[in-house]
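Architecture at a glance
In case you want the letters, here they are:
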Amino acid sequence: MKRLYISLLIVLLFTQARIFAQEIPVKQDSLELKTGVSGEMPSLSDSLQSGQLPLRLPRLNPMENFMPQFTPYQKFTLSPQHTDEEGIFPPIYWDGAASDFINSKSRTAIASMMPTPNLLLHSSTTLGMVETPMFGKGYYYILDAGARYMINPALMMGISGGYNSNFDEIPFWNIGMNASYQVNRNLMFDGGATYLKTAGNQYNVNQSAVMLDLHGRYRLSDDWYLNAYGGMPVMKHNNQSGPMLPMMNTPYYGGSVEYWFKPTMGVEGGMIWVRDMFSGKMRPQPKLELLFRPGK
C-alpha cells in the first residue's frame, strides 16, 4: 500500500506537470491551427457559413489549469471544408500544435474531416515529455477521437473517447459527451459528462468514475466577462482501500473575472475550490491565467 501511495504522488506530480506542458500552445508549427481573434465570443452561425467548427481539445475541468500558464480561452477552430465532390471519403485536413518549456515539451497532430456541412470528425495524437529534478524524465502519449455536430447556430453537441498512457504508471481510458449552447450574445454555457476507467497496470488498481463539468460565461462588455465553474465525480468505483486517482476524485467550484486589455491579450483571475485528495477537505486554489488570441 505504501508503494501505491508513493506511485500516486509521482503520478500526481507528473500529471500536473503534464497538464502544464500539454495545454500551453506557446508556438504553432507550420500547420495552421486557428484560434479566436477577439475578446467577443465567436458566432456559431459565422463558423457554419465558413465551413469551420469550434473544437475544445483540453478538458473542461479548470482544476487542471490552476497553475499560471499561457492558454487561449477560445476553443480551437479547425479549418476543414465540406466538399460535394464525389469520392469514397471526404478529404482529410491536418493541423498541429507544439509547446516548449525548460522542463516539458509536447507535440500534437490533429486530423479532421467534414462528411457533411454540420458534422466534424476529428482525431489527435499527443506525445510529450516532462523532466523533474527528483524523478527524472517521464514520457507520455494521448490518443483521442470524436465527432462534433452543429444542431443549429446556437447548439453544438459532441462525443469523444481516448487513451492516456499517464507515464506508463496507471493509464486510463475515457469516453464522454459534451455540449455548448449560446443563449444569446452575452451568455454561453458548455459542459459534459466523461466516463474514466483505469487500464491494466502493475498495481492492480481498478477504478472508474463519471465526471460532470459545467462552465458558464457572461459578457459584461466587449472587454469584461464573468466565468462560473463547477464539477464533481459521480458513480465512483474503487477495488482498493486506497484513495481514488486525482483525475477521478476532484469535485470543484468557483468563479473568475476575465478582462481583455487588448483584442488579442487578456487576463483571467479568480478562485477555485477543490477537494484535497488526502484530507478530503475543499481547499481554495487561485486561478490566474494570461489569455492570448493571435490572428487579429
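Structure's up top.
Predicted model, so just to flag it, every value in this text is computed and none were measured.

Some thoughts on the pattern of salt bridges
Here the structure, examined in full by the defined rule, presents five salt bridges. Here Asp222 and Arg185 are joined by a salt bridge, their closest N and O atoms 3.7 Å apart. Here Asp222, found in the loop between β10 (207-219) and β11 (224-238), pairs with Arg185, found in the loop between β8 (172-182) and β9 (187-198); they are 37 residues apart in sequence, far enough to count as distant. We classify Arg185 as partly exposed; its relative accessible area is 44%. Linking Arg217 and Glu258 is a salt bridge whose minimum nitrogen-to-oxygen distance equals 2.7 Å. Pair noted here: Arg217 is in strand β10 and Glu258 is in strand β12 (residues 252-262), with a separation of 41 residues, a long-range link. Overall, Arg217 belongs to the buried group, its relative accessible area being 1%. Given the relative accessible area of 0%, Glu258 is considered buried.

Description of the environment of Leu212
By the element assignment, Leu212 lies in strand β10. What makes Leu212 partly exposed here is its relative accessible area of 35%. Sequence-wise, Leu212 and Ala193 are 19 residues apart; in three dimensions their C-alpha atoms are separated by 4.6 Å. Ignoring sequence-local partners within four residues, the contact set of Leu212 consists of Gly192, Ala193, Gly230, Gly231, Met232 and Val234.

Criteria and cut-off values
Residues numbered from 1 in each chain as written. Predicted model: local features only at pLDDT ≥ 70, side-chain atom pairs only at ≥ 80, totals over all residues. Heavy atoms only, no water. Salt bridge = Lys/Arg side-chain N within 4 Å of Asp/Glu carboxyl O. Helix = DSSP H or I, 4+ residues; strand = E, 2+ residues; numbered from the N terminus. Buried < 20%, exposed > 50% of the residue type's maximum accessible area, 1.4 Å probe, protein only. Contact = heavy atoms within 4.5 Å.

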